[in-house]
Number of protein chains: 2
Amino acid sequence: MRSRASAIAFARTHRGRFIDELSAFIRYPSVGSDRRHAGDVAACARWLAAHLTGLGLPDVRILPTRGHPLVFASTAFERGRPVILVYGHYDVQPAGPLQDWHTPPFTPVRQGPWLFGRGASDDKGQLFAHVKGVEAWLRSGGTPVTVKFMLDGEEEIGSPSLPEGVARYRALLKADVALVSDSPMLGTGRPVITTSLRGSLGFDVDVRVAEADLHSGIFGGAIPDPIQALCRALASLQDERGRVVVSRFHTGVRRLPREEQRALAAVAPTNAAVINAARADSRCQDDGTSLFENTTVRPSLTVTGISGGHVGPGDRTVIAGAARARINVRLAPDQDPDLIATAVEHHLVAAMPRCVKASIHRGRSVKPYRIALTHPAVRAAIEACRLGFERAPALLPMGGSIAAVPVLQDLLGIPSVLIGFALPDDGKHAANERLHLPTLERAIETSIHFLAEVA
Amino acid sequence: MRSRASAIAFARTHRGRFIDELSAFIRYPSVGSDRRHAGDVAACARWLAAHLTGLGLPDVRILPTRGHPLVFASTAFERGRPVILVYGHYDVQPAGPLQDWHTPPFTPVRQGPWLFGRGASDDKGQLFAHVKGVEAWLRSGGTPVTVKFMLDGEEEIGSPSLPEGVARYRALLKADVALVSDSPMLGTGRPVITTSLRGSLGFDVDVRVAEADLHSGIFGGAIPDPIQALCRALASLQDERGRVVVSRFHTGVRRLPREEQRALAAVAPTNAAVINAARADSRCQDDGTSLFENTTVRPSLTVTGISGGHVGPGDRTVIAGAARARINVRLAPDQDPDLIATAVEHHLVAAMPRCVKASIHRGRSVKPYRIALTHPAVRAAIEACRLGFERAPALLPMGGSIAAVPVLQDLLGIPSVLIGFALPDDGKHAANERLHLPTLERAIETSIHFLAEVA
């Protein structure tokens, strides 16, 4: 009665409707980090729960947490069959400066093979592939395994309420393996199974010299300029080639065996490809190291924001009273978040001029992650990609962080299989984010195949 | 018929009305740097012209320029009497962040001896002292010299239209000496005649690496972060003690003879006083150099603004596509603006990492200035301060820049006598700017005395 062929056929028949439904999903500005959008996040969760109920899943719940809710759903439980927990997130990054968008971020627009909109790729489009995969199975006799969904409303802020939520609903969420699609492919038609994730640390650095702005003519030359002091401290974090020189910053980084390094080099993007995907200057690529390794299995430090004084229209020739910067650190697999956070804080405190008041606020941290390649679900994922994309997937480390993955490992004791459906130039976290619709079709079929292969 | 005593008596009798009139003047948000306030600047000029006409000045004109107009007025011309050109400005600095103000910036509020409001001190209150001084003379038989007013609407943006305006109206503006009050006193009851001004240079520095923001997980470690690149370049401008290390930055700085240095040290504010006026950390004062000299006869460099990426509520873990900073340089007397501007630009270009696109836009420059202390008008100003404030003025260099002063020197061939009526803690260019009303009364009397002494 259950037929993989009819599930695939169903998905192919209904692809147009699927895009309309995904568009309705993207229309919610579910920016989890912004209090002004709290109502939109809640409305998006309700839409998702209603949609899952409409597909016929017998158990759909909106699980409250201290923050934005988790949307939970499950197919009928059958003893003896594996339980797959699909994790994804329905919250999105802030849109950022509107003038950088060619189309309104929360009005999905289809142009050629692309669907534009904030969250189209990260992660609404990717999690939707599994929702539609389950729908296709349900319309073809039922899923071959029990599928549970746990859809997060706080991924983009580091899933602060997730550990407590997973602990609280541990029995409900019980599963054998998690399936997560929130990671990149190598390019169109080139699937990737992600084998490790970097961790993440955030810091806000506030610097103050005087209680108020001061006239730069009257005081310029007398007191330190807090912007300069901040720049000096930030610049001291790296050498002239951009390498982080914070003491103990590289503690715990696993040196790749030469064999693994060679295997990676054979399949990973070249420096030119990385620079091209970033649309950066080609001179950035001649680094002497592998940029792909730098972004996946080595730690990095980025100043993601800085602000102080006045750079807008009109002159205000003042010494700013205060300045602020935000730092994001990515941890290599096997690194310890607390140890690295302390190292960065110590460095910054020591780098401030003595009459500058600096305060450093540590944000949420996310552990790095690594999966054993011998896990049966990894093998099922490899086969599913081979069938869905007609190409063997590359097994690669990834530079991003997914807070839920180490949480599921720690609290449910289950590994996560990470099959990516995002293209490198999808514009995740940037303006003009988009989803490649032919890739969505492949992704839905890959989901259908995975549920059969893992059974 | 003309009586200094009755002019003084008139001023004392009408002090209450003068404050009401000044409040009406401050109420115009005449922010010359902001296009949205262009109408307010024009309305303020019309108010000022109407006010001067009301005082009985026979020739009042609003002189159009390429930018905001000059307000011109003149008392009756009498052959053989000196002509004094009062220069001041009716434009003001932007208010800056409103949350830093205790009262609305353009609603003058009187609290104790203070009148709060943007422009109360810089420069509406100070120029108003001369307007009221002239009124007092006119009500007491007429001014002892011919007084012309040239009131600028663009001082806070470096008076870009002034050179063209002064050249165009050269015949009308013809005078023997200029009188300018836009400089600080040493404290309440401690008048200052400013003997030199620093020049000013501005730069906008724009840095770009990629065409758009990039996910810091995916690209962190692969491409330079433009904020870090900008910070690195800015940090390289100074050493760890805040001394500017740009090659040729100190070219043209006149070394003070030991005697002059000793005279300055006797009267100039101590390091503790400078730091106290800035309300900065007392540890900033132990510099080993004279902070007063650093801020007046030596050049300085301030990063007056910086912006890039995101530091507001919510996380956007991106590598910013671009970042911008604004720099303000103050030139010591006798320094050449073009030479120093070129030196700073060369340094910044050389300090950028090679795959970072940087563009540097040079803003308007203002020449530094110095007056000969033997000029008769300086002696008249000394005597006027002695009478008006009952204390001999200090003769001191000043750290700020007044674009008009070198323009009047170059185009009209006249020096400017600078009598300051601003207190060090007036909050010029900052939030909660205020005018000390007892000082305004002294200033009006000093103006009355000056017109008699210079005759």
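Residues numbered from 1 in each chain as written. Chains lettered and ligands numbered in written order. Predicted model: local features only at pLDDT ≥ 70, side-chain atom pairs only at ≥ 80, totals over all residues.

### Concerning the overall build of chain A
Per the secondary structure count, chain A includes 15 helices and 18 strands. Seen through its principal axes, chain A has C-alpha atoms that stretch 85 × 50 × 45 Å. A buried classification covers 58% of the 455 residues belonging to chain A. In chain A, once contacts between residues fewer than 6 apart in sequence are set aside, the share between residues at least 24 apart is 80%. (Helix = DSSP H or I, 4+ residues; strand = E, 2+ residues; numbered from the N terminus. Buried ≥ 20, exposed ≤ 12 C-beta atoms within 10 Å, placed from the backbone. Contact = placed C-beta atoms within 7 Å.)

### Overview of the packing of helix H1 (residues 4-13) of chain B against helix H4 (residues 124-138) of chain B
The axes of two packed helices give the description: the angle between them and the distance between them. All names here are of chain B. Following both chains from N to C, one finds H1 and H4 inclined at 120°, their axes separated by 8 Å at the closest point. Considering their axes alone, H1 and H4 lie oblique with respect to each other. For the pair H1 and H4, the sense of crossing is right-handed. Contacts between H1 and H4 pair Ala7, Phe10 and Ala11 from the former with Lys132, Ala136 and Trp137 from the latter. In terms of residue class, the contact of H1 with H4 is built from five nonpolar, no polar and one charged. (Axes fitted to C-alpha atoms, helices over the stretch in contact; angles between N-to-C directions. Parallel < 35°, antiparallel > 145°, perpendicular 65-115°, else oblique. Left-handed = near helix turned anticlockwise from the far one by under 90°. Nonpolar A, V, L, I, M, F, W, Y, C, P; charged D, E, K, R; others polar.)

### Brief notes about helix H13 (residues 376-389) of chain A
Residue and element names in this part refer to chain A. Over its 14 residues, H13 runs 20 Å from end to end, which matches the ideal 20 Å to within 8%, given 1.5 Å per residue. Those residues of H13 not exposed but buried are Ala377, Val378, Ala380, Ala381, Ile382, Ala384, Cys385, Gly388 and Phe389. Elements that come into contact with the buried residues of H13 comprise strand E7 (177-180), strand E8 (192-197), strand E17 (416-419) and helix H15 (437-453). Glu390 lies just past H13 and shows a positive phi near 55°. (Expected span 1.5 Å × (residues − 1).)

### Examining the nonpolar core
Ranked by size, the top nonpolar core spans 277 residues in total, and within it Ala381 of chain A together with Ala381 of chain B carry the most contacts. In terms of residue count, H13 of chain A provides more of this core than any other element does, eight residues in total. (Core = buried A, V, L, I, M, F, W, Y, C linked by C-beta atoms within 7 Å.)

### Digging into the domain arrangement of chain A
Residue and element names in this part refer to chain A. Once the domains are mapped, chain A shows domain 1 (4-197 + 368-453), domain 2 (199-254 + 297-362) and domain 3 (257-289). For domain 1 and domain 2, the distance between their C-alpha centres works out to 35 Å. On the side of domain 2, nine residues touch domain 1, which itself brings eight residues to the contact. Looking at side-chain class alone, the side of domain 1 that touches domain 2 contains three nonpolar, four polar and one charged residues. (Domains from an automatic or database assignment.)

### Here we look at the sheet that holds strand E18 (residues 434-436) of chain B
All names here are of chain B. Overall, antiparallel pairing links the three strands, which are arranged E4-E5-E18 in an open sheet. Sheet topology places strand E4 (109-111) and E18 at the edges, where each strand pairs with a single neighbour. Within the sheet, the average angular offset between the axes of one strand and its neighbour, ignoring direction, is 25°. Relative to strand E5 (residues 114-116), E4 is paired through three bridges, and the arrangement is antiparallel. (Pairing = 2+ DSSP bridges.)

### A look at helix H8 (residues 226-235) of chain A
The element H8 of chain A is extensively covered by neighbouring structure, given that 10 of its 10 residues are classed as buried. Check the buried side of H8 of chain A and you find it contacts strand E9 (199-208), strand E11 (300-309), strand E13 (322-331) and helix H12 (337-351) of chain A together with helix H8 (226-235) and strand E11 (300-309) of chain B.

### Some thoughts on the pairing of strand E8 (residues 192-197) of chain B
Successive side chains on a regular strand alternate, one facing one side of the sheet and the next facing the other. Residues and elements named next belong to chain B. Taken across its six residues, E8 has six buried, putting it largely inside the fold. Inspection of the sheet shows E8 paired to strand E16 (residues 394-397) by four bridges, in the parallel sense. Paired with Val192 across the two strands is Ala394, which belongs to E16. Of the pairings in the sheet, the one linking E8 to strand E17 (residues 416-419) comprises two bridges and is antiparallel in character. Across the sheet, residue Thr194 finds its bridge partner in E17, namely Leu418. Both E8 and strand E15 (residues 369-370) contribute to a ladder of two bridges, which runs antiparallel. Bridging across to E15, Ser196 finds its partner in Arg370.

### Things to note about the packing of H13 of chain A against H15 of chain A
All names here are of chain A. One way to put it is that H13 packs onto H15 with a least axis distance of 8 Å and a crossing angle of 140°. Compared by their axis directions, H13 and H15 come out oblique. You can see that H13 and H15 cross each other, and the crossing is right-handed. For the pair formed by H13 and H15, the contact residues are Ala380, Ala381, Glu383, Ala384, Cys385, Leu387, Gly388 and Phe389 on the first element and Arg442, Glu445, Thr446, His449, Phe450 and Glu453 on the second. Tallied by class, residues from the contact of H13 with H15 come to seven nonpolar, three polar and four charged.

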